[in-house]
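# Report on the structure
Residue strings, one per chain:
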Number of protein chains: 2
Amino acid sequence: MKFSSPFDSALAGTARKISLHDGEMVFRQGDTPFAIFGLIAGRVELQRHTQSGHRVIIHNAKPGETFAEASLFSESYHCDALVLESSEIIAFDRQLVLEIAARNPDVALALSQRFAAQIQTYRRKIELLAIDSAQERVFAALADGLLTADIKTFSAEIGLAHETVYRVLATLVQQGLVRKKGRGLYAIEIMS
Amino acid sequence: MKFSSPFDSALAGTARKISLHDGEMVFRQGDTPFAIFGLIAGRVELQRHTQSGHRVIIHNAKPGETFAEASLFSESYHCDALVLESSEIIAFDRQLVLEIAARNPDVALALSQRFAAQIQTYRRKIELLAIDSAQERVFAALADGLLTADIKTFSAEIGLAHETVYRVLATLVQQGLVRKKGRGLYAIEIMS
DNA sequence: TCAGATATATGATTTCAATCATATTGGAGA
DNA sequence: TCTCCAATATGATTGAAATCATATATCTGA
């Protein structure tokens with residue numbers, strides 16, 4: 001598994017490989033940041049807990065992605081990182097990354113670029129969550145490729161009850177807007 | 001009005017001042033990015049339009065803030081920037097900023113830091129939008145200091161109908177959780 | 001192969017926010 | 001000062017998603 005620049009080149013020396021199993025935490029909300037991460041294999045869910053105990057999925061990291069980069073500049077991790085499938089993870093030492101970035105503008109700019117990309121992703125997600133109609137929201141989320149794990153995860157990620165999502169998916173299939181490719185597998189029907 | 005580093009020092013040479021009136025656009029979704037911006041005075045709303053025509057407020061820029069930094073690395077602006085009160089805006093030339101950042105790691109890192117801060121803000125917003133109960137959502141949004149303009153803007157920003165927000169605010173006041181400080185002015189009642 | 005657990009799926013009911021309607025207030029401008 | 005307009009505010013109704021319930025399918029591990 002390769003990560004895009006600068007994670008494969010300039011930061012290679014800061015990397016340490018860790019393996020974690022289903023249910024383990026890479027870090028917890030509130031922990032002091034010690035590293036930023038790249039996921040080689042498995043699945044890691046980034047989640048926050050509201051005061052009322054409600055769980056919110058911030059992001060669902062898939063192989064090839066990096067996560068928690070923003071903690072480079074913060075005093076604590078702002079979410080939990082929960083391993084959902086046994087995962088291979090690369091940890092890039094926070095302090096070393098900062099030092100390298102401070103000496104190397106290319107690295108710093110590359111980091112900026114990653115941040116910028118993440119910002120666009122979050123904006124898109126905010127836009128998604130603002131869609132009132134469950135029907136439209138599910139369809140838009142499908143189009144955005146957010147259904148990568150199971151339906152319940154998908155539901156939590158887009159802020160709908162899973163029963164609602166099952167129902168909406170059935171309706172969308174019936175309307176011919178979505179094709180059911182198997183148990184829990186749905187794909188947008190290409191418009192012609 | 002000062003912006004934090006690096007906007008007051010290293011990037012000063014890239015700046016150009018523009019004045020826009022209520023209703024004018026700084027840029028539109030889809031435009032090719034030519035600058036990133038700092039708001040000196042006034043108010044600028046960053047909004048996106050969904051395919052179904054629904055308007056989503058991504059952010060509400062207030063004096064002292066910068067906006068559209070993420071467009072440094074993108075091919076187009078991803079939202080509209082609508083001026084809501086006659087505003088004084090500094091435009092930092094995109095190409096010049098990129099060139100300076102490429103030579104100066106401090107500038108690049110400072111940009112990263114801004115991005116990281118924005119990411120935290122968006123995460124918090126996603127968490128906010130995931131709160132189902134209008135009551136809790138309004139309260140959390142108040143606590144986050146999102147009620148800076150009028151109630152209708154506030155309502156749109158947190159994804160609720162303004163009637164709902166007026167009602168919830170009245171209830172919160174009645175419950176003693178929120179104090180009404182005037183027409184359209186509410187403050188969290190400090191817990192003792 | 002079987003048992004238990006969990007995801008998928010759908011039915012029935014409830015709840016609560018959106019919507020539609022209608023005042024009322026306050027501010028901007030003539 | 002008066003008029004107009006938009007923000008604020010609240011009432012009535014509707015509608016859609018959440019919730020609760022239950023059943024089935026699939027996977028895991030014993």
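As a starting point, this report considers the structure included with it. (Residues numbered from 1 in each chain as written. Chains lettered and ligands numbered in written order. Predicted model: local features only at pLDDT ≥ 70, side-chain atom pairs only at ≥ 80, totals over all residues.)

## Details of the overall build of chain A
The criterion, for reference: Only DSSP runs of H or I with at least four residues qualify as helices, and only runs of E with at least two residues qualify as strands; both kinds are numbered from the N terminus onward. With C-beta atoms placed from the backbone, a residue is labelled by how many other C-beta atoms lie within 10 Å of its own: buried for 20 or more, exposed for 12 or fewer, partly exposed between the two. Two residues qualify as being in contact provided that their C-beta atoms, derived from the backbone, are within 7 Å of each other.
The helix and strand tally for chain A stands at five helices and eight strands. Starting at the N terminus, the α and β elements of chain A follow one another as β-β-β-β-β-β-α-α-α-α-α-β-β. Overall, the C-alpha framework of chain A stretches about 55 × 40 × 30 Å when taken along its three principal axes. Burial analysis of chain A (192 residues in total) assigns 42% to the buried set. The long-range fraction of contacts in chain A, counting pairs at least 24 apart against all pairs at least 6 apart in sequence, stands at 66%.

## Structural notes on the environment of Ala15 of chain B
Residues and elements named next belong to chain B. Tracing the backbone through its elements, the reader meets Ala15 in strand S1 (residues 15-20). C-beta crowding within 10 Å serves as the criterion here: with 18 such atoms nearby, Ala15 is assigned to the partly exposed category. Distance from Ala15 to Ile90, taken between C-alpha atoms, is 6.1 Å for residues 75 residues apart in sequence. If sequence neighbours within four positions are ignored, Ala15 has contacts with Ile90, Ala91 and Phe92.

## Quick look at the interface of chain B and chain A
Taken together, the contact pairs 36 residues of chain B with 36 residues of chain A. At the level of secondary structure, the elements contributing two or more residues to the side of chain B that touches chain A comprise strand S4 (55-61), helix H1 (94-103) and helix H2 (105-129) of chain B. In terms of residue count, the dominant contributor to the side of chain B that touches chain A is H2 of chain B (17 residues).

## Some thoughts on the protein's contact with DNA strand C
For clarity, the cut-off: Being near a molecule or strand means, for a residue, that its C-beta atom, positioned from the backbone, comes within 6 Å of it. Gly is put with the polar residues, along with every residue not named as nonpolar or charged; the nonpolar set is Ala, Val, Leu, Ile, Met, Phe, Trp, Tyr, Cys and Pro, and the charged set is Asp, Glu, Lys and Arg.
The full set close to DNA strand C counts 18 residues, and Ile151 and Gly184 of chain A together with Ala134, Ala161 and Thr164 of chain B are the nearest of them. Mapped by element, the contributors of at least two residues to the surface near DNA strand C are helix H4 (151-157) and helix H5 (162-174) of chain A together with helix H3 (134-143) and helix H5 (162-174) of chain B. Tallying contributions element by element places H5 of chain A first for the surface near DNA strand C, with four residues. Classifying every residue of the surface near DNA strand C by side-chain character gives six nonpolar, four polar and eight charged.

## Some details on the relation of the copies chain B and chain A
Where we set the bar: When the copies are superposed, the least-squares fit draws on C-alpha atoms of residues that have pLDDT of at least 70 in both.
For the pair chain B and chain A, the relating rotation is 180°, the translation along its axis is 0.0 Å, and the fit reaches an RMSD of 0.1 Å. Overall, the copies show the geometry of a two-fold rotation axis. Same-surface contact between copies: 100% of interface residues of chain B are shared with the interface of chain A.

## Focus: H2 of chain B
Here is the rule: Given the number of residues in a helix, its expected span is that number minus one, multiplied by 1.5 Å.
Here H2 of chain B is 25 residues long and its end C-alpha atoms lie 36 Å apart, about the 36 Å a rise of 1.5 Å per residue gives. The element H2 of chain B is extensively covered by neighbouring structure, given that 19 of its 25 residues are classed as buried.

## A short note on H5 of chain A
Helical geometry: 3.6 residues make up each α-helical turn, so side chains three or four residues apart lie on a common side. All names here are of chain A. The test is simple: What the arc measures is the spread of directions leading from the helix axis to the C-beta atoms.
For H5, built from 13 residues, the straight-helix expectation of 18 Å at 1.5 Å per residue is met to within 8% by its first-to-last C-alpha distance of 18 Å. Those residues of H5 that fall on the buried side of the exposure criterion are Val165, Val168, Leu169 and Leu172. Seen along its axis, H5 keeps its buried residues to an arc of 105°; they face one direction. Exposed residues on H5 whose side chains face more than 90 degrees from its buried face are Glu163 and Gln174. In this structure, the buried side of H5 is in contact with helix H3 (134-143), H4, strand S7 (178-182) and strand S8 (185-188). Two residues or fewer after H5 comes Gly176, characterised by a positive phi angle close to 80°.

## Section: the protein's contact with DNA strand D
Residues in contact with DNA strand D amount to 18 residues; listed here are only the nearest, Ala134, Ala161 and Thr164 of chain A together with Ile151 and Gly184 of chain B. Contributions of two or more residues to the surface near DNA strand D are made by H3 and H5 of chain A together with helix H4 (151-157) and H5 of chain B. Classifying every residue of the surface near DNA strand D gives six nonpolar, four polar and eight charged.

## Brief notes about unusual backbone geometry
One non-glycine residue, Ala68 of chain A, lies in positive phi territory at about 70°. Of note, Ala68 of chain A is situated in the loop between strand S5 (66-67) and strand S6 (80-93).

## Details of the pairing of strand S3 (residues 35-49) of chain B
Residues and elements named next belong to chain B. Stated formally: Pairing between strands is defined by DSSP: at least two bridges between the two strands are required.
Taken together, the eleven bridges between S3 and strand S6 (residues 80-93) define a ladder with antiparallel strand orientation. Each residue of the ladder has a partner; that of Val44, found in S6, is Val83. Across two bridges, S3 lies against strand S5 (residues 66-67) in antiparallel orientation. Bridge assignment links Phe37 to a residue of S5, and that residue is Phe67. Note that S3 and S4 share six bridges and pair antiparallel.

Just geometry here; none of it tells us what the structure is for.
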